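If you want the building blocks of each chain, they are given just below.
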Amino acid sequence: TINVVKTASPTTVPEGVATDVDFTYAVTNTSPGGAEDPLLLTTLSDDNAGGTPINLLLNSDLENQGSYGDFYTGGDTDGDRRVDAGETWTFAVVDQPITLDAGETRTNTVTAIGQDDELIATNTATDTATVTGAGQDPTINVVKTASPTTVPEGVATDVDFTYAVTNTSPGGAEDPLLLTTLSDD
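A quick note: this is a predicted structure, and the numbers were derived from the prediction, not measured. (Residues numbered from 1 in each chain as written. Predicted model: local features only at pLDDT ≥ 70, side-chain atom pairs only at ≥ 80, totals over all residues. Heavy atoms only, no water.)

**Focus on the overall build of the chain**
Consideration 1: Scanning the chain from N- to C-terminus turns up zero helices and eleven strands.
Consideration 2: When each of the 185 residues of the chain is scored for burial, the buried share is 34%.
Consideration 3: Looking at the chain alone, contacts between residues at least 24 apart form 58% of all its contacts between residues at least 6 apart.
Consideration 4: Of the roughly 10200 Å² that the chain leaves accessible, carbon and sulfur atoms contribute 49%.
Consideration 5: Charge centroids of the chain, computed over 5 positive and 30 negative side chains, lie 2 Å from each other. (Helix = DSSP H or I, 4+ residues; strand = E, 2+ residues; numbered from the N terminus. Buried < 20%, exposed > 50% of the residue type's maximum accessible area, 1.4 Å probe, protein only. Contact = heavy atoms within 4.5 Å. Areas by Shrake-Rupley, 256 points an atom, 1.4 Å probe, with all protein chains shown as cover. Lys, Arg positive; Asp, Glu negative; His and termini not counted. Charge placed at Lys NZ, Arg CZ, Asp CG, Glu CD.)

**As for the sheet that holds strand β7 (residues 88-98)**
Consideration 1: In space, the four strands of this open sheet follow the order β1-β3-β7-β6, with antiparallel pairing throughout. Only two strands of the sheet have a single partner each, and these edge strands are β1 (2-9) and β6 (72-74). For this sheet, the mean angle separating the axes of adjacent strands, direction not counted, is 25 degrees.
Consideration 2: Pairing analysis gives eight bridges linking β1 to strand β3 (residues 19-29), with the strands arranged antiparallel. Of the residues in β3, the one forming a bridge with A8 is F23. (Pairing = 2+ DSSP bridges. Axes fitted to C-alpha atoms, helices over the stretch in contact; angles between N-to-C directions.)

**Some remarks on unusual backbone geometry**
Consideration 1: That bond from S9 to P10 is cis: its omega, 0 degrees, falls within 30 degrees of zero.
Consideration 2: Its place among the elements puts P10 in the loop between β1 and β2 (12-14).
Consideration 3: Note that the residue after S147, namely P148, is joined by a cis bond; omega there is 0 degrees.
Consideration 4: When you line up the elements, P148 lands in the loop between β10 (140-147) and β11 (160-167).
Consideration 5: One non-glycine residue, N59, lies in the positive phi region at around 65 degrees.

Encoded structure:
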């Protein structure tokens, strides 16, 4: 049998800010046959890493003793292109930008499929990882300007004051704020 564990790092991203999330995958052979029942990994796919499906065995040719694929990071300790008992094969998808609103989540699923050494029995395993958008305190900037900036002494002069209020929250347009008070002494 086959087992897969998926992790995301970080699991929380600030709302409205595109944040790079790294996904890692660990595939193990949990067959009761142990060393006598190695697995050929035939499918390893993620339905939504960074917002799009990814074939984690892209450019691999494990059946013909070829490449492990673009996302493989290690684990085949004996180089036989089979997931043996005691081996943990690892794969990674790095720097996937994810933008979420506060409280919004993105859960995605990895599916691993392997065949036994006789290429008869097929085993499937899945796992999920969730990334959550975390609220941020809003920040604003206020700039007050006067026109004119100088007045003649002893002469009553009208002065216009202008206030520019800017949302400086990291989430920007994704994190609008409601201005509830603007007062001047």
